[in-house]
Amino acid sequence: MNNSLIIALDFANAAEVDQFLQPFAGKELFVKVGMELFYQEGPSIIHRLKESGHRIFLDLKLHDIPNTVYSAMKGLARMNCDLVNVHAAGGKEMMAAALEGLEAGSVSGKKRPYCIAVTQLTSTSEEQMRREQLIGVSLEESVLHYASLTKEAGLDGVVCSAWEAASIREKVGADFLTVCPGIRLSSDSVGDQKRVATPEFARQAGVSAIVVGRSITRSADPLKSYEHWMEAWKGVHQ
Ligand SMILES: O=c1ccn([C@@H]2O[C@H](COP(=O)(O)O)[C@@H](O)[C@H]2O)c(=O)[nH]1
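Residues numbered from 1 in each chain as written. Predicted model: local features only at pLDDT ≥ 70, side-chain atom pairs only at ≥ 80, totals over all residues. Heavy atoms only, no water.

## Things to note about the UniProt feature "active site" (unreviewed entry) in the protein chain
In the numbering adopted here, UniProt assigns the feature "active site" (unreviewed entry) to Asp59, Lys61 and Asp64. Cross-referencing the annotated residues with the lining of the largest pocket gives Asp59 and Lys61. Looking at the element boundaries, Lys61 is found in strand β3 (residues 55–62). What Lys61 contacts, discounting residues up to four positions off in sequence, is Met35, Asn85, Val86, His87, Val118 and Leu121. Only 3.0 Å separates the side chain of Lys61 from the side chain of Asp59, close enough to count as a polar contact. Among the structural elements, Asp64 can be located in the loop between β3 and α4 (66–77). Residues in contact with Asp64, not counting those within four places in the same chain, are Val69 and Met94. (UniProt positions renumbered as here; feature names shortened; annotations may be inferred. 1 Å grid on protein atoms, 1.4 Å probe; cavity = no way out; pocket = protein on both sides within 12 Å on 5 of 7 lines; lining within 4 Å. Helix = DSSP H or I, 4+ residues; strand = E, 2+ residues; numbered from the N terminus. Contact = heavy atoms within 4.5 Å. Polar contact = N/O pair within 3.5 Å; in protein donor to acceptor, adjacent residues only side chain to side chain.)

## Some details on the site of the ligand
Around the ligand sit 15 residues in total, of which Asp10, Lys32, Thr122, Gln193 and Arg214 are the nearest. Within the side chain of Gln193, one N or O atom sits 2.7 Å away from an oxygen atom of the ligand. Bound to the protein, the ligand loses 87% of the 470 Å² it would expose on its own. When atoms are counted within 2 Å of each cavity's grid points, the one that captures over half of the ligand is the largest pocket. Elements with a minimum of two residues in the shell around the ligand: β3 and β8 (209–212). (Near = heavy atom within 4 Å. Areas by Shrake-Rupley, 256 points an atom, 1.4 Å probe, with all protein chains shown as cover. Sits in = over half its atoms within 2 Å of the grid points.)

## As for the side chain of Thr178
Within the element layout of this structure, Thr178 appears in strand β7 (residues 177–180). Judged by its relative accessible area of 0%, Thr178 falls in the buried class. Ignoring sequence-local partners within four residues, the contact set of Thr178 consists of Val158, Cys160, Ala165, Ile168, Gly206, Val207, Ser208 and Ala209. (Buried < 20%, exposed > 50% of the residue type's maximum accessible area, 1.4 Å probe, protein only.)

## Describing the environment of Glu170
In this structure, Glu170 sits in helix α8 (residues 162–172). Residue Glu170 is classed as exposed on the basis of its relative accessible area, which comes to 72%. Each C-alpha atom, one on Glu170 and one on Ala25, is 39 Å from the other, the two residues being 145 residues apart in sequence.

## Examining the sheet that holds β7
Strand order in the closed barrel made by the eight strands is β1-β2-β3-β4-β5-β6-β7-β8, with parallel pairing throughout. On average, each strand axis in the sheet is tilted by 25° relative to the strand beside it, whichever way the strands run. Relative to strand β5 (residues 114–118), strand β4 (residues 83–87) runs parallel, the two being bridged by five bridges. Note on β5: the bridge partner recorded for Val84 is Cys115. (Pairing = 2+ DSSP bridges. Axes fitted to C-alpha atoms, helices over the stretch in contact; angles between N-to-C directions.)

Next up, the structure:
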């Protein structure tokens, strides 16, 4: 899990995924399947990606009452993904239920998937959080609070921006996963993301894994772009 670059497969259907993955034939990637793709293709896309040897982050960000999340996670566990997630805003009881569901549904003899919680979306700014969520502390304090709740619920880590990763590691522990989207090269457009960071910054902050979508998936040459990203991200890890 550590030092991974996870490609966000934000595509409308399996045909688009196949087209994107064509130049990567023979490479074993770490990919993220989110709502857009999963809601169209369902579990079959997970099975296909697994058959090709890819590791999978199933990014469905569950957020509901504990009983519902327990049952949903029990079902998702059967797909044997590597990483799944919930929203920390659902609360400690909901997060603990997610973990119980995962353990109950996991394929026998296999380790359950890692389970992490979204703190504040990387598309949320501090000003927006204060105004819309009526949270009266700084964004970093809010993220740290959610990270502590997540740890207390027994989960493996959080989704956060690279800006909060070092404080989270300091507060919650170095083995607690920090999975960070909102990563951009300095030449990339930021789009809808608010808390962005470069891969170099993420690496220096000790981030466990970065999630990269459009910078690779929308590039004219995705394989070249991926290799460039791997160099920027992994360079110093080697
Ligand atoms: O806080 C979050 C949680 C999830 N995401 C997801 O990551 C990717 C980022 O894609 P880019 O194209 O690199 O912006 C996307 O799938 C989001 O759903 C996030 O960005 N922030």
